[in-house]
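Each chain, letter by letter, is given below.
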Amino acid sequence: MLQTLRIRNFVLIEKLELDFDRGFNVITGETGAGKSIILDAIALILGGRAEASLIRAGADEAVVEALFDVAANPAVRDKLTAKGVTTDEGGELLVRRNISRGGKNRIFINDELVTLAQLGELAENLVDLCSQHEHQSLARAAYQLDMLDRYAGLIALKKTVREYFFALRSLQAELTQVSGDDGSEARLADFIQFQIQEIDAFALRLGEEEELARERKVLLSVTHLMEACAGANALLDGGDDDSEGARTLLQKAVRRMEKACETDATLAPAREALGRALAELDEASSQIGGYAQRLQADPRRFDVVEERLSKLVGLKKKYGGSEASIMETRNRLGTELEQWASRGVRIERLEKSIAEARGAYYKAAKELSKKRRTVAKTLASSIQAELDELRMGGARFETRFEAVSEDEATWGPEGIDAMELRFAPNVGEGFSPLGKIASGGELSRVMLAIRRVVADRGGICVYLFDEIDAGIGGQTASVVGRKIQSVSKHNQVICITHLPQISAFADAHFSVSKKVESGRTSSSIRRLEEGKRVEEIARMLGGMDVTTKSRDHAKELLSRAQLVE
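Residues numbered from 1 in each chain as written. Predicted model: local features only at pLDDT ≥ 70, side-chain atom pairs only at ≥ 80, totals over all residues. Heavy atoms only, no water.

Trainee: Just checking my understanding: could you explain the sheet that holds strand β11 (residues 432-433) for this structure?
Mentor: Hydrogen bonds between backbone groups are what pair the strands of a sheet, and the pairing can be parallel or antiparallel. Pairing is antiparallel across the open sheet formed by 3 strands, whose spatial order is β9-β10-β11. Where the open sheet ends on each side, the last strands, each with one partner, are β9 (396-401) and β11. Where β9 lies against strand β10 (residues 419-424), 6 bridges are found, and the strand directions are antiparallel. Across the sheet, T399 pairs through a bridge with L421, a residue of β10. Sheet contacts for helix α4 (residues 141-152): β9 and β10; angle to β10, the most-contacted strand, approximately 95°. Along the sheet face, helix α13 (residues 343-389) touches β9 and β10 and points at about 165° away from the line of β9. (Pairing = 2+ DSSP bridges. Helix = DSSP H or I, 4+ residues; strand = E, 2+ residues; numbered from the N terminus. Contact = heavy atoms within 4.5 Å. Axes fitted to C-alpha atoms, helices over the stretch in contact; angles between N-to-C directions.)

Okay, structure coming up:
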């Protein structure tokens, strides 16, 4: 339901907040008072065109907000969830539109910025606007079929059909991906095989690049390293000039400390430290000597290292940025090649699954189609009876189905049916699609007849009727009012009317008025309590001069309406 409508600086309205009732809400007022502004504001919430001309003179921005309660409408909640819009625990949904003279118009749903297209998709089931120019939902073939399914209690079966359809399409997409073009698939397999062979031939080891880089650095510095080793050992052992090396000096130091320890044993730690130093020196000299013996300039080894490093760099560019990436690529390519090798088996299995899925879908879709066609006759008869009661006895209503086709190209998630609601307004005239009805009042009454029949199974939050009173008299108006009241037991109704006979049935009555203050025209709307409501209906009955007779008549209308269950 539409809980609250807030309007600021919109056309003639400076500031307005309306709280609607859950049942039947009626809006009345003199011609030109501004009832259509309320309609325009709601149309804007539903995705209508925003223009700067809608902004009140002297203001820079117009704002329209609508707070909906969708807790009791699972069809709407499911659609919102599917589109990624979540409501709070109470099921509240806030839609806001800001219109700026600068052209920066913005749309928010639960404070999330959305596009106009997104708003249009999400608002389809929020309000059904039935007027001369707009009847959003029932003019769409998809909604007509959905309405029939809800009326017939076929939602569960349709859900099964939908699941079968998407399962079939998923299998077909997988088959297309697996089979592909035979020539291109074979070439792809050959290329994968080539890549695997290239990686395997290199026989990469993790950490090898670091080892090769280190070896390359050594090979580039062989002469320098050999000189360093020879110089170090010369310093340790003494040079050719009979100078004493570090080992000789350290040995002398050890012998002196040994003698000193004979005199003072407290020098023992120092002697031991010198002994360890001499042992470490001997170990270092041995390692340097061994390293120098192994070290040799080998141009051929340098070329081998250089070439392998170059190949490794090339592999990294082709198969990732690291040795690990190359290994991962090799594993993935191996898996892909195995999958391609089993491609024939997969294709055979998929083709069998597709045949089974196609049969399951068509069987369920035919059952759905059969039940739809049976119930559609009852639906059309019920709507026809409603039209007769609405004094549209010359009008005729029918549901038309196209012949069922086994051509898979015509299948869809909703089944194999193409249905259209059709209407002939007068005797002797042919049927036309429901969306082609030209008369606003005629359209609204057809919409009302349909709403009466589908009751709470229509999947719409709010029904908004405008011009439903066009071309009808008092007796018919009472019938229309009673039927709107009946519809409002299951769905919220907002009705704009000029007829007191319809207004009397409302649960909440709002009156629109226009006034001029300080040279500015503005429209306002207020909810009428019982006494004021009598005055408004009396005005609608007798014009501006409200009399005792018109008041009594108004009270009688209200009293009769309250007696209707």
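Moving on, there is more to tell.
Trainee: Which parts of the structure should I look at to understand the packing of α4 against α13?
Mentor: The description of two packed helices rests on the angle between their axes and on the distance between the axes. Direction vectors running N to C along α4 and α13 enclose 90°, while the axes themselves pass 9 Å from each other. On the basis of their axis angle, the class for α4 and α13 is roughly perpendicular. Of the residues in α13, those in contact with L145, M147, L148, D149, Y151 and A152 of α4 are L368, R372, V375, A376, T378, L379 and S382. A class-by-class count of the residues in the contact of α4 with α13 yields 9 nonpolar, 2 polar and 2 charged. (Parallel < 35°, antiparallel > 145°, perpendicular 65-115°, else oblique. Nonpolar A, V, L, I, M, F, W, Y, C, P; charged D, E, K, R; others polar.)

Trainee: I would appreciate a short explanation of the pairing of strand β14 (residues 508-517) in the present structure.
Mentor: Regular strands place their side chains on alternate faces of the sheet. With 5 bridges connecting them, strand β3 (residues 24-29) and β14 associate as parallel partners. In the sheet register, T28 faces β14, and the bridge partner there is S511. Here β14 runs beside strand β15 (residues 520-527); their pairing, made up of 8 bridges, is antiparallel. The residue bridging S511 from the neighbouring strand is R526, located in β15. Between the end of β14 and the start of β15, which pair antiparallel, lie 2 residues, with S518 showing a positive phi angle near 50°.

Trainee: In this structure, what is going on with a nonpolar patch on the surface? I would like to understand it.
Mentor: Together, L188, F191 and F194 make up a nonpolar patch on the protein surface, roughly 300 Å² of accessible area in all. Among the secondary structure elements, F191 is positioned in helix α6 (residues 182-202). Of the residues examined, F191 reaches a relative accessible area of 45% and is grouped as partly exposed. (Patch = residues over 30% accessible without salt bridge, like charges linked within 9 Å, V, L, I, M, F, W, Y side chains within 5 Å. Areas by Shrake-Rupley, 256 points an atom, 1.4 Å probe, with all protein chains shown as cover. Salt bridge = Lys/Arg side-chain N within 4 Å of Asp/Glu carboxyl O. Buried < 20%, exposed > 50% of the residue type's maximum accessible area, 1.4 Å probe, protein only.)

Trainee: So what exactly am I meant to see when it comes to the nonpolar core here?
Mentor: Within soluble globular proteins, side chains that are nonpolar tend to cluster in buried spots. If you look at the biggest cluster of nonpolar residues, it comprises 53 residues, and the most contacted ones within it are F24, F397, I450, I484 and I502. In terms of residues, this core owes the most to one element, helix α14 (residues 440-454), which gives 8 residues. Contact partners of I484, with chain neighbours within four places excluded, come to F24, L448, I468, V493, C495 and I502. (Core = buried A, V, L, I, M, F, W, Y, C linked by side-chain atoms within 4.5 Å.)

Trainee: Any chance you could explain the pattern of salt bridges here in plain terms?
Mentor: Opposite charge on two side chains lets them pair, provided their charged atoms get close. Going through the model one piece at a time under the given rule, you end up with 36 salt bridges. Here R6 makes a salt bridge to E17, at a shortest N to O gap of 3.4 Å. Linking R6 in strand β1 (residues 2-10) with E17 in strand β2 (residues 13-19), this pair joins segments that are 11 residues apart in sequence. Given a relative accessible area of 30%, R6 falls into the partly exposed group. Since its relative accessible area comes to 48%, E17 is described here as partly exposed.

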